[in-house]
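One-letter residues, chain by chain:
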Amino acid sequence: MTRGRGIRRSAALAVALGLGLSGSLVAGPAGAEEKERPSVRWGTCPEDVAAEAAPVVLECGTVPVPKDYADPDGGRIELMISRLASTDPDKRRGTLMLNPGGPGGSGLSQPAFLANRGIPSEVLDTYDVIGMDTRGIGRSAPVACGFTPEGPYFANIPPYAVDDAAVTARAKVVKKVAEQCAERDKDGVLPHLTTANTARDLDRIRAALGEERTSFLGYSYGTALGAAYASMFPERSDRIVLDSNIGDTHLDRDGMRRFALGVEQTFPDFARWAAARHDSYGLGRTPAEVRRTYFTLAERLDEKPVDGFDGGMLRQITFSFLFKEVQYSKLAQLWQTMKSGGDSKDLRTLVARSGPADQGDGTADTPPSLDNQLSVFLAVSCNDVKWPTSVDTYRKGVAEDRARYPMFGAAAANILPCAFWPYARAEKPVAINDDGPRNILLVQNLRDVPTPHVGGELLRQKFADRSRLVSVDDSGHGVYVYGDNPCALNTTTRYLVDGKMPKTDAFCPAG
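Caption draft 1: Looking closely at the nonpolar core. If you look at the biggest cluster of nonpolar residues, it comprises 113 residues, and the most contacted ones within it are Phe267, Phe270 and Trp335. Counting residues per element, this core draws most heavily on helix α9 (residues 253-275), which supplies eleven residues. If near-sequence neighbours (up to four positions away) are discounted, tryptophan 335 is found in contact with Phe267, Phe270, Leu283, Val290, Thr293, Tyr294, Leu297, Leu314 and Thr318. Grouped together as the second largest cluster of nonpolar side chains are 34 residues, Val49, Leu114, Tyr127 and Ala488 included.

Laid out in structure tokens, this is it:
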């Protein structure tokens, strides 16, 4: 392995993220899933899941679902789910399903992950907490396009395009990626990976657990899944918490471009942090100087990469490390190494010290393989919504966002394999349904890289009186349990345990 490839392998682990039917939005014929209602036979979880969950002990089981809901009597796939059961029958209300985000994040160990991070015991008494690998992920009919860290496609966030030619060059890469995914889809699962189908799967799991309704806690892309479930099955949704919202039931081009807005809004927190520690890192005595250092380093690496580490990679690593303040010191060390002309060995060490598990996006400690994670992200994102197919559209968007959001706009607006996705959409994206119970609590940090606050505002508008928005004066990706704001923790816990929804939208000051 060359030194450049070694850096790319480490970088891929740090920047990979963790988001076919008729037009009907019902899960097959009315009541079909209730008639089948397979029960879940609980047993020991796979060894690696059990190790991740320790010291918490989880149970695991499987639920069969149609591969294609348009042909419910056709092939089946097995979904693996996990359970951290309530031990207090007097307090137990029902089930709380979880989703960690992505799409592409494994959630089997997530109940234990939240328990180990200190989710209030009242929540664990109130619910059987249900984790899962959703369709296509991990142990649930996993898909793989054959991606490797050494290949040209090693992250779902596009590389920064320094000019129009870079967009044209990237288009050739992602066209081959789309073709590669189709060629490797031997079992025909890929076109059926959609948010709508996953929401239908949630309802099959609910039925298999013998519950009339289910509660749900979703992070990041998990908010799109939860919004879809609450829209498709409003009468079967109990208490729904959507944390770090992307703004709809799917990730589209506008949602991806908002990543650049998130960087612009979040970076000042890091800049203030670094400026206060200038004597240690030498990145600038003021936030403005720290910002200039970013552009200086990126442009230097654009002109002269260091053993494969170029300006685009620096921008992606910075994007990733802004997810949580706990990573600021690692980011500052990386910049310091680059500023002083450090070698690639130092860079590899620093990058490898932070991977997806540290990003705070709601994922469990160990994600699925990089290949599986990237493949699911692509399949769901490309299947859910129609993406522009003209390369000129992306060139124009990159130019616009390079000026509008100079730190990261030319990356977030760059072209994805979705532009060349070979599968036709079988149905439109799930439409938000504002006709239902007032049971959707939206929780959102004011500053968040992949899901800026506007995502919560958008869902609040779409769900109207079904929802309330809790805005938190904090920075980072993930609020409930992942953050440390006591107001947000108490407000969300109160809703999950007692059903007390804020009467109006609420604001949680920094705490």
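Caption draft 2: Quick look at the packing of α9 against helix α11 (residues 287-303). In contact at an axis separation of 8 Å, α9 and α11 are set at 110 degrees when each is read in the N-to-C sense. As the angle between them shows, α9 and α11 are arranged roughly perpendicular. α11 is crossed by α9, and the crossing has right-handed handedness. Taking contact as the criterion, the partners of Glu264, Phe267, Phe270, Ala271, Arg272, Ala274 and Ala275 in α9 are, on α11, Pro287, Val290, Arg291 and Tyr294.

Caption draft 3: Quick look at the sheet that holds strand β1 (residues 43-44). Reading across the sheet, the ten strands line up as β1-β2-β3-β5-β4-β6-β7-β8-β9-β10 and stay open at both edges, with mixed pairing between neighbours. With one partner strand each, in any of the chains shown, β1 and β10 (506-508) form the two edges of the open sheet. Relative to strand β6 (residues 214-219), strand β4 (residues 94-99) is paired through four bridges, and the arrangement is parallel. Paired with leucine 98 across the strands is leucine 217, a residue of β6. Against the sheet, α9 contacts β8 (440-447) and β9 (467-475), and its axis sits at roughly 55 degrees relative to β8. Relative to the sheet, helix α19 (residues 486-498) contacts β4, β5 (127-132), β7 (237-243), β8, β9 and β10, its axis offset from that of β7 by approximately 165 degrees.

Caption draft 4: Main features of the side chain of aspartate 128. Along the polypeptide, aspartate 128 turns up in strand β5. By relative accessible area, aspartate 128 is classed as buried at 7%. Engagement of the side chain of aspartate 128 in a polar contact is seen with the backbone nitrogen of serine 86, the distance being 2.8 Å. Ignoring sequence-local partners within four residues, the contact set of aspartate 128 consists of Arg83, Leu84, Ala85, Ser86, Arg92, Gly94, Thr95 and Leu96.

Caption draft 5: Seen up close, the packing of aromatic side chains. Per the counting criterion, the structure on display carries 18 aromatic pairs. On the numbers, 5.6 Å between centres and 75 degrees between planes, the contact of phenylalanine 319 with phenylalanine 323 is edge-to-face. You'll find phenylalanine 319 and phenylalanine 323 in the same group, each marked buried. The positively charged end of arginine 200 is found above the aromatic ring belonging to tyrosine 69, 6.0 Å away from the centroid. Across from the ring centre of tyrosine 394, 5.0 Å away, lies the NZ or CZ of arginine 253, which sits over that ring.

Caption draft 6: Representation of the pattern of salt bridges in the model. Tallying each qualifying case throughout the model produces 27 salt bridges. One salt bridge in this structure joins arginine 438 and aspartate 465, with 2.6 Å as the shortest N-O distance. Of this pair, arginine 438 sits in the loop between α17 (409-412) and β8 while aspartate 465 is found in the loop between α18 (454-463) and β9, placing the two residues 27 residues apart along the sequence. A relative accessible area of 44% means that arginine 438 is categorised as partly exposed.

Caption draft 7: Structural detail: the pairing of strand β3 (residues 76-84). A large share of β3 lies buried, amounting to seven of its nine residues. Taken together, the eight bridges between strand β2 (residues 59-66) and β3 define a ladder with antiparallel strand orientation. Looking at the pairing, glutamate 59 lines up with arginine 83 of β3. Taken together, the four bridges between β3 and β5 define a ladder with antiparallel strand orientation. Bridging from a neighbouring strand, serine 82 pairs with glycine 131 of β5.

Caption draft 8: Broad picture of the packing of helix α12 (residues 311-321) against helix α13 (residues 328-339). Two elements in contact, α12 and α13, have axes separated by 9 Å at closest approach and are oriented at 160 degrees. By the angle class used here, α12 and α13 are roughly antiparallel. Crossing handedness for the pair α12 and α13: left-handed. Across the interface between the two elements, Leu314, Ile317, Thr318 and Phe321 of α12 pack against Tyr328, Lys330, Leu331, Leu334 and Trp335 of α13.

Caption draft 9: The state of the cysteines, seen in detail. Under the counting rule described, the total for this entry stands at four disulfides. In this model, cysteine 145 is linked to cysteine 181 through a disulfide, with the two sulfur atoms separated by 2.1 Å. Between cysteine 145 and cysteine 181, the S-S dihedral sits near 110 degrees, and the bridge is therefore right-handed. In this pair, cysteine 145 sits in the loop between β5 and α6 (164-184) while cysteine 181 sits in helix α6, placing the two residues 36 residues apart along the sequence. The same class applies to cysteine 145 as to cysteine 181, namely buried. Here cysteine 382 connects covalently by a disulfide to cysteine 418, the sulfurs 2.0 Å from one another. Here the S-S torsion is close to -80 degrees, and the disulfide linking cysteine 382 with cysteine 418 is therefore left-handed. One end of the pair, cysteine 382, is in helix α15 (residues 370-384); the other, cysteine 418, is in the loop between α17 and β8, with 36 residues separating them in the sequence. The buried category is assigned to cysteine 382, whose relative accessible area is 5%.

Criteria and cut-off values
Residues numbered from 1 in each chain as written. Predicted model: local features only at pLDDT ≥ 70, side-chain atom pairs only at ≥ 80, totals over all residues. Heavy atoms only, no water. Core = buried A, V, L, I, M, F, W, Y, C linked by side-chain atoms within 4.5 Å. Buried < 20%, exposed > 50% of the residue type's maximum accessible area, 1.4 Å probe, protein only. Helix = DSSP H or I, 4+ residues; strand = E, 2+ residues; numbered from the N terminus. Contact = heavy atoms within 4.5 Å. Axes fitted to C-alpha atoms, helices over the stretch in contact; angles between N-to-C directions. Parallel < 35°, antiparallel > 145°, perpendicular 65-115°, else oblique. Left-handed = near helix turned anticlockwise from the far one by under 90°. Pairing = 2+ DSSP bridges. Polar contact = N/O pair within 3.5 Å; in protein donor to acceptor, adjacent residues only side chain to side chain. Phe/Tyr/Trp six-rings, centres within 6.5 Å; stacked < 30°, edge-to-face > 60°. Lys NZ or Arg CZ within 6 Å of the ring centre and 35° of its normal. Salt bridge = Lys/Arg side-chain N within 4 Å of Asp/Glu carboxyl O. Disulfide = S-S within 2.5 Å.

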